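Here are the chains, one letter per residue:
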Amino acid sequence: MIQTISIHGLIPEVFADENAGLQSDIWLSDRTITIDRGSRVLVESSSGKGKSSLISFIYGRRTDYNGTIAFDGNDIRLLDKARWTALRRRALAWLPQEMLLFPELTARENVEIKMSLTGWRPAEWIEEAFERLGIADRIDAQVGRMSVGQQQRVAIIRAMAQPSDFILLDEPVSHLDTESNRAVAAFIEEEAGSTGAGIIVTSVGNPLLLNYTTTYAL
Amino acid sequence: MTDSKLLGRLLRRNISPGQIAAFAASSLVGLVIILTSVKFYTDITSTSSADGSTDYLVISHGISGVGSITGGAEGFTVEEIERMKNQPWVKRLGIFTTAGFSVSAGIDLGDNSLSTALFLESLPDEFVDAEPSQWHFTPGTTDVVPIVISKDYLALYNFGFASSRGLPQISDTMSGLLPINLTVSGNGLRHVFRARIVGFSNRLNTIAVPQSFMDWANSVYAGGETEISPSRVIVETDNPGDPAIKAYLADNGYDLGGDKAFAGRASMIAGVLTAIIAGVGAVITLLSFGLLLLSVWLLLYKNRHTTELLMLEGFSASQICGYYSRLIAAVNAALLVIAIAAMTAISATWTGPLESAGISGSSPMKAIAAGAAVSIIMTFGAIIAIRRTIDRSFSPRR
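Summarised in this report is the structure supplied together with it.

1. Quick look at the sheet that holds strand E1 (residues 4-12) of chain A
Residue and element names in this part refer to chain A. One open sheet holds the four strands; their spatial order is E2-E1-E4-E5, and the pairing between them is antiparallel. Here the strands that pair on one side only, and so sit at the sheet edges, are strand E2 (33-36) and strand E5 (74-75). Running over the sheet, helix H2 (residues 51-59) touches E1 and strand E4 (65-71) and is turned about 125° from E1.

2. Regarding empty space enclosed by the protein
Residue and element names in this part refer to chain B. Enumeration according to the criterion identifies five cavities of 30 Å³ or more in this entry. What the largest cavity holds in volume is close to 220 Å³. Taken together, 16 residues line the largest cavity, and the ones lying closest to its centre are Ile20, Leu292, Val296, Leu299 and Leu327. Within the residue set of the lining of the largest cavity, elements represented by two or more residues are helix H2 (17-44), helix H9 (260-302) and helix H11 (317-356).

3. Structural notes on the packing of aromatic side chains
For any pair of aromatic rings, the description consists of the separation of the ring centres together with the inter-plane angle of the planes. Considering all chains together, one arrives at 18 aromatic pairs over all chains under this definition. With a centroid separation of 4.8 Å and an interplanar angle of 45°, the aromatic rings of phenylalanine 57 of chain A and tyrosine 65 of chain A are classed as tilted. What makes phenylalanine 57 of chain A buried here is its relative accessible area of 0%. By the ring-pair criterion, three or more aromatic residues cluster together here, those being Phe101, Phe137, Phe193, Phe213, Trp216 and Tyr221 of chain B. A cation over a ring is seen here: arginine 77 of chain A above tyrosine 65 of chain A, with NZ or CZ 4.1 Å from the ring centre. Of note, arginine 88 of chain A hangs over the ring of tyrosine 59 of chain A, and the distance from its end group to the ring centre comes to 5.0 Å.

4. Some thoughts on the interface of chain A and chain B
With 26 residues of chain A at the interface, the matching set in chain B holds 24 residues. Of the roughly 2400 Å² buried at the junction of chain A and chain B (both faces included), carbon and sulfur atoms supply 58%. When the buried surface of chain A facing chain B is broken down by residue, Lys81, Phe102 and Glu104 of chain A rank first, second and third, together holding 23% of it. Counting across the interface, chain A meets chain B through five salt bridges.

5. A closer look at the sheet that holds strand E11 (residues 232-236) of chain B
Strand-to-strand pairing in sheets goes through backbone hydrogen bonds, with the strands running parallel or antiparallel. Residues and elements named next belong to chain B. Strand order in the open sheet formed by four strands is E2-E11-E1-E12, and the pairing between neighbours is antiparallel. Lying at the two open borders of the sheet, with one neighbouring strand each, are strand E2 (92-95) and strand E12 (255-256). Note: strand E1 (residues 56-60) against E11, five bridges, orientation antiparallel. When the sheet's bridge partners are listed, serine 60 is paired in E11 with arginine 232. Taken strand by strand, helix H4 (residues 78-85) contacts E1, E2 and E11, and its axis lies near 155° from that of E2.

6. Considerations on the nonpolar core
Residues Ile5 and Ile200 of chain A are the most contacted members of the largest nonpolar core, which totals 76 residues. Per-element tally for this core: the top contributor is H11 of chain B, with eleven residues. Within the second largest apolar cluster, 40 residues are counted, among which are Ala129, Val143, Met146 and Met160 of chain A.

What counts, and where the lines are drawn
- Residues numbered from 1 in each chain as written.
- Chains lettered and ligands numbered in written order.
- Predicted model: local features only at pLDDT ≥ 70, side-chain atom pairs only at ≥ 80, totals over all residues.
- Heavy atoms only, no water.
- Pairing = 2+ DSSP bridges.
- Helix = DSSP H or I, 4+ residues; strand = E, 2+ residues; numbered from the N terminus.
- Contact = heavy atoms within 4.5 Å.
- Axes fitted to C-alpha atoms, helices over the stretch in contact; angles between N-to-C directions.
- 1 Å grid on protein atoms, 1.4 Å probe; cavity = no way out; pocket = protein on both sides within 12 Å on 5 of 7 lines; lining within 4 Å.
- Points joined across faces, edges and corners; volume = space filled by probe spheres on them.
- Phe/Tyr/Trp six-rings, centres within 6.5 Å; stacked < 30°, edge-to-face > 60°.
- Buried < 20%, exposed > 50% of the residue type's maximum accessible area, 1.4 Å probe, protein only.
- Lys NZ or Arg CZ within 6 Å of the ring centre and 35° of its normal.
- Buried area = accessible area lost by both parts, 1.4 Å probe.
- Salt bridge = Lys/Arg side-chain N within 4 Å of Asp/Glu carboxyl O.
- Core = buried A, V, L, I, M, F, W, Y, C linked by side-chain atoms within 4.5 Å.

Here it is in structure tokens:
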């Protein structure tokens, strides 16, 4: 279980050379930023400031950064593959901006493959979730044939198909209207509430409609 | 749908049946050649030859020419015997004891009597292929001396001597009934023994009597004469075709009795030929292994997006490797089974000719073990390659 994520002096390597005029709450922060389990954090910025990089660093997908990210004080650079695999099944839920669904599988199968790994939630949970997010009629469609907005919701359901301490959402509603945004927010809030997970959301100005405890400008 | 089914559906994308077929065909050719050549080699060097004589070699000390003129016998020294005993191809070694007295044998065949001067030798009982119950002599109590003679001598008598002289031909079974009188003389003594042929030997080209008789007769009739150094020894060996034997004999100027020398040479040539063929099979197998590795890398490269994504989802590298490993193991196992079947079918074509040459087939286990070893090495090699490639793609991108 991860209780806190702490970030100190973090900067993507690509920004390291041109950090002169950097105005950021997170990049190269002198004080340690601590995000607690149960909190609701929004990271806002315009495009190209490294939101997706931040999420990828925390999820262990990329390591091209300077500075430190730690889970409960342990530097995540030191985690081995088996540990990352375990964290991705049990502690870290992740919604990448590009969704990264398997286009050759159906929407349902994309969620099922994650559930087969985590054993989280009963089988009927999938249909309920599709119903709640308004895509029940597309549940057996091939993901490759779905609209981007539909795919985004499938990816959100997949991210929720596991227990978690932190939910990392990279621009989760960039392709959704306000109504869908509200439905997704309620769904995520409910799922996070059941496990006490913290939520980190990025946005370019159209955030997921949650009650955030902290907002950072990147 | 289960985990493994969905995983399989994702991972088997981009698997090319053409590439599998190309690997399977080349690997099969290589395996069949290796298996067949190993089977052929084990068959022709099989020690269980039909007449049971290939295990024994009679080695004689070379004759330099001078000794044959002066009448002095040249023989093995104690050191030479010891050295030979320590050769890796010698299982057991027995020394021929020659008689230090004169012997003549007479056969009474009714109207015709036959009498000839002759020589006797003895060798340790365990080397004599005669019924042990008949192969003993106790001075004073046994009145019939058992004799084993070379089968060649019987043939020589039957087809060379008897037919030209109008003498009756003698069969194996009849020979035991022949009344033979052995006249032994020397040391001022002369004695006639009754003797009986108890067997014909394929491995001994001599006239052999029990060691106990020879020791006793030498002490009585050769009396006091200095012991003659042995000039012939018999060696039990597992592989009479072993080239080391030939080399050792040539180096020391020893001669090999009988036609086993030829058998050894022939099996050496056959061994070299099969080694060359097996080598070709190994090269083909190696190439097919290269093809397998290339196909694997290409497949993993095409599927790298999927495998990376699966690992981001929380699948372990072993779960992903497992699918490909099982696939390769299954293909290789099937190929091995087909190759074994092909080897069995091909080897059936030479069983007949070899049997008529007096060589019975060998167990296919060595060939199967060789094929299984090749197959297992290929499978594990490929699995290690897959594992390393997938492990690399797990490492977070920099």
